[in-house]
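Observations on chain architecture
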Amino acid sequence: MIGRTLGGATVATLQGIIVLFISMLAGFRPVNWAATPLAVLAMVLTALLFCALGTAIASALSDMQGFQLIMNFLVMPLFFLSGALFPLPARGAMTTIARFNPLSYGVDALRGLLVNIVHFGLPLDFGVLAAVTLLFLLIGSFLFSRIQV
């Protein structure tokens, strides 16, 4: 389970770094270049979180046909409600929903490190990402160990 999660997270992180370089070619410049390694760490934690979630869900399913449906059913709302496409408002229902969305903290960490606009605070972002990643790794490891071939 750990190997599958680390492999998927490595691919996802490399894809994120490629997107970062392409955006730099298009004209994007991070506000603080020294924070770029921390931004890569935020990418790694977010990738680990969602790879562990996917592995945990796949371990719980007996039929792999429904895996894509379940993942799309989870990932798309998480993405749209994370603030990735638009900044979160200071208050309101959207911000309340975003507080329970782990992707919101990954997006907030990247936005804070690259453009210096932070909503929740970087320590909270990294703390939530690390805690939820660890939780999904533990749940996924338990479910993966129960798989019968």
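What you see is a predicted model, and the numbers here were worked out from it, not measured in a lab.

Another point: the packing of helix H2 (residues 36-60) against helix H5 (residues 102-115). Two quantities define a packed helix pair, namely the angle between the axes and the distance from one axis to the other. Relative to each other, H2 and H5 sit at 170°, their axes nearing to 9 Å. The angle between H2 and H5 falls in the class roughly antiparallel. Our pair here, H2 against H5, has a crossing hand that is left-handed. Only Pro102, Leu103, Gly106, Ala109, Leu110, Leu113 and Leu114 of H5 make contact with H2, whose side of the interface consists of Leu38, Ala39, Ala42, Met43, Thr46, Leu49 and Phe50. Classifying every residue of the contact of H2 with H5 by side-chain character gives 12 nonpolar, two polar and no charged.

Take unusual backbone geometry next. With a phi close to 60°, Asn116 is a non-glycine residue in the positive phi region. Its location among the elements puts Asn116 in the loop between H5 and helix H6 (122-145).

So, on to the nonpolar core. Burial of nonpolar side chains together is a common tendency in soluble globular proteins. One finds Leu49, Phe126 and Phe136 to be the most contacted residues of the largest nonpolar core, which totals 30 residues. Secondary structure elements with two or more residues in this core: helix H1 (2-25), H2, helix H3 (67-80), H5 and H6. Looking at which element gives the most residues to this core, the answer is H2, with nine residues. Residue contacts for Leu49: discarding those within four places in its chain leaves Pro102, Leu129, Val132, Thr133 and Phe136.

Let us look at H1. Relative to the 34 Å expected for 24 residues at 1.5 Å per residue, H1 spans 34 Å between its end C-alpha atoms, a close match to the ideal helical length. For H1, the complete set of buried residues consists of Thr5, Ala9, Thr13, Leu20 and Met24. Elements in contact with the buried residues of H1: H2, H5 and H6. Two residues or fewer after H1 comes Gly27, characterised by a positive phi angle close to 120°.

A few words on H6. In this model H6 runs 34 Å from its N-terminal to its C-terminal C-alpha over 24 residues, within 8% of the 34 Å that 1.5 Å per residue would give. Buried residues of H6: Asp125, Phe126, Val128, Leu129, Val132, Thr133, Phe136, Leu137 and Gly140, and no others. If you follow the buried residues of H6, they end up packed against H1, H2 and H5.

A few words on the confidence of the model for the protein chain. Of the residues in the protein chain, 99% reach a pLDDT of 70 or more, and the chain-wide mean stands at 89. Here H3 stands out as the least confident element of the protein chain, with mean pLDDT 84; H5 is the most confident, with 94.

Further remarks concern the packing of H2 against H3. Relative to each other, H2 and H3 sit at 145°, their axes nearing to 10 Å. The chirality of how H2 crosses H3 is right-handed. Along its contact with H2, which presents Phe50, Gly54, Ile57 and Ala58, the element H3 presents Phe67, Ile70, Met71, Leu74 and Leu78. When the residues that make up the contact of H2 with H3 are grouped by side-chain class, the tally is eight nonpolar, one polar and no charged.

Reading the values: the criteria
- Residues numbered from 1 in each chain as written.
- Predicted model: local features only at pLDDT ≥ 70, side-chain atom pairs only at ≥ 80, totals over all residues.
- Heavy atoms only, no water.
- Axes fitted to C-alpha atoms, helices over the stretch in contact; angles between N-to-C directions.
- Helix = DSSP H or I, 4+ residues; strand = E, 2+ residues; numbered from the N terminus.
- Parallel < 35°, antiparallel > 145°, perpendicular 65-115°, else oblique.
- Left-handed = near helix turned anticlockwise from the far one by under 90°.
- Contact = heavy atoms within 4.5 Å.
- Nonpolar A, V, L, I, M, F, W, Y, C, P; charged D, E, K, R; others polar.
- Core = buried A, V, L, I, M, F, W, Y, C linked by side-chain atoms within 4.5 Å.
- Buried < 20%, exposed > 50% of the residue type's maximum accessible area, 1.4 Å probe, protein only.
- Expected span 1.5 Å × (residues − 1).
- pLDDT = per-residue confidence, 0-100.

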